Amino acid sequence: MKPEKDGPQRTCLGCRKALDKNDLVRYVLSAAGDVVVDFRQKLPGRGAYTCVCRACVTDAVRRDQFSRAYRGKNRRPESDTLIAQIHRQLGERVEGLLGMARKAGMTVGGSNLTLASMDRPGELGLVIVAGDMSEGILEKIRRKCQATGVPLHTWGEKASLGRLMGRDERSVIGVKQGKLAEALSRGLERYKQFVGEI
Ligand SMILES: [Zn+2]
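Note that the coordinates shown come from a computational prediction; the quantities given were computed from them, not determined experimentally.

Conventions and cut-offs
Residues numbered from 1 in each chain as written. Predicted model: local features only at pLDDT ≥ 70, side-chain atom pairs only at ≥ 80, totals over all residues. Heavy atoms only, no water. Helix = DSSP H or I, 4+ residues; strand = E, 2+ residues; numbered from the N terminus. Buried < 20%, exposed > 50% of the residue type's maximum accessible area, 1.4 Å probe, protein only. Contact = heavy atoms within 4.5 Å. Domains from an automatic or database assignment. Buried area = accessible area lost by both parts, 1.4 Å probe. Salt bridge = Lys/Arg side-chain N within 4 Å of Asp/Glu carboxyl O. Polar contact = N/O pair within 3.5 Å; in protein donor to acceptor, adjacent residues only side chain to side chain. Nonpolar A, V, L, I, M, F, W, Y, C, P; charged D, E, K, R; others polar.

1. Considering the side chain of S67
Line of reasoning, step 1. You can see S67 is positioned in helix α2 (residues 65-69).
Line of reasoning, step 2. When its relative accessible area of 18% is taken as the criterion, S67 is described as buried.
Line of reasoning, step 3. Aside from chain neighbours lying at most four places away, what touches S67 is G72 and N74.

Next up, the structure:
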C-alpha cells in the first residue's frame, strides 16, 4: 500500500514525479490560449503542474508537455516567460505573507526590538534583514541568530521592507513563531532555491 499523503497528488510535466499538489506550480490557460502561472492555485480551468524548479519547467516546454496536457488548445509557452512569472509570484507570496504577519501583529520592527526578542527563547520564528543594511548591525543580528538558532533571511532593501511594514525604511524585521512564520520560511526557501538554480 502507498503511504498516506497530505493532499491530492499531481504529476510534474517535467520529471513526471507525482507530488503533493501544494508543492507544485499550477498552470492554467488564459482566454487567449496562453499558459499562465497560477501560483496561488485559485484560477478556474484545467490545471497543469510542474515542480518549483527551472529544470522541470524547461523540460516540460522542450518536450511540449503543455500541448499534451491541454490537448493542443494552448499556444506553446516559452520557458523564460514561465520562469519569470514563477519568480515574480514566489516573491509576491513572500511579501504577501510578510504583510499578513504585520497585520496580525506577528512582527517586531527594528534591530533593538528584534535583538531583545531573541533574548526570549521561542519568541521569534525567523529574522529578515534588508540587503542594503549597515554591516555593523547585520553582524550583531547574525551573531545573535547563530547563538539562538533563529533562522536569518535577507529580503529586498530597507525601502522595500519599510513599504511592507508601512513606514519609510526597515533594516530588520523579526517574525514571531507560528503558522505565518513557518509559511514565510518555506516561501523564502522556495524563492532562494528557485532563483539560485541558474
Ligand atoms: Zn518535476
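2. Considering the domain arrangement of the protein chain
Line of reasoning, step 1. Entries for the protein chain in the domain assignment read domain 1 (9-77) and domain 2 (92-196).
Line of reasoning, step 2. Using only C-alpha atoms to locate each centre, domain 1 and domain 2 end up separated by 32 Å.
Line of reasoning, step 3. Counting residues at the interface gives seven residues for domain 1 and five residues for domain 2.
Line of reasoning, step 4. Carbon and sulfur atoms supply 51% of the area that domain 1 and domain 2 bury against each other, a total of about 560 Å² over both sides.
Line of reasoning, step 5. Considering only the side of domain 1, the residues that lose the most area to domain 2 are F39, V52 and R54, jointly responsible for 71% of the buried surface there.
Line of reasoning, step 6. For the pair domain 1 and domain 2, the interface holds one salt bridge.
Line of reasoning, step 7. Among the ionic pairs, D23 bridges to R186, the shortest N-O distance being 3.2 Å.
Line of reasoning, step 8. Across the contact surface, domain 1 and domain 2 share four residue pairs in polar contact (both at pLDDT 80 or more).
Line of reasoning, step 9. Considering only residue class, the side of domain 1 that touches domain 2 consists of four nonpolar, one polar and two charged.

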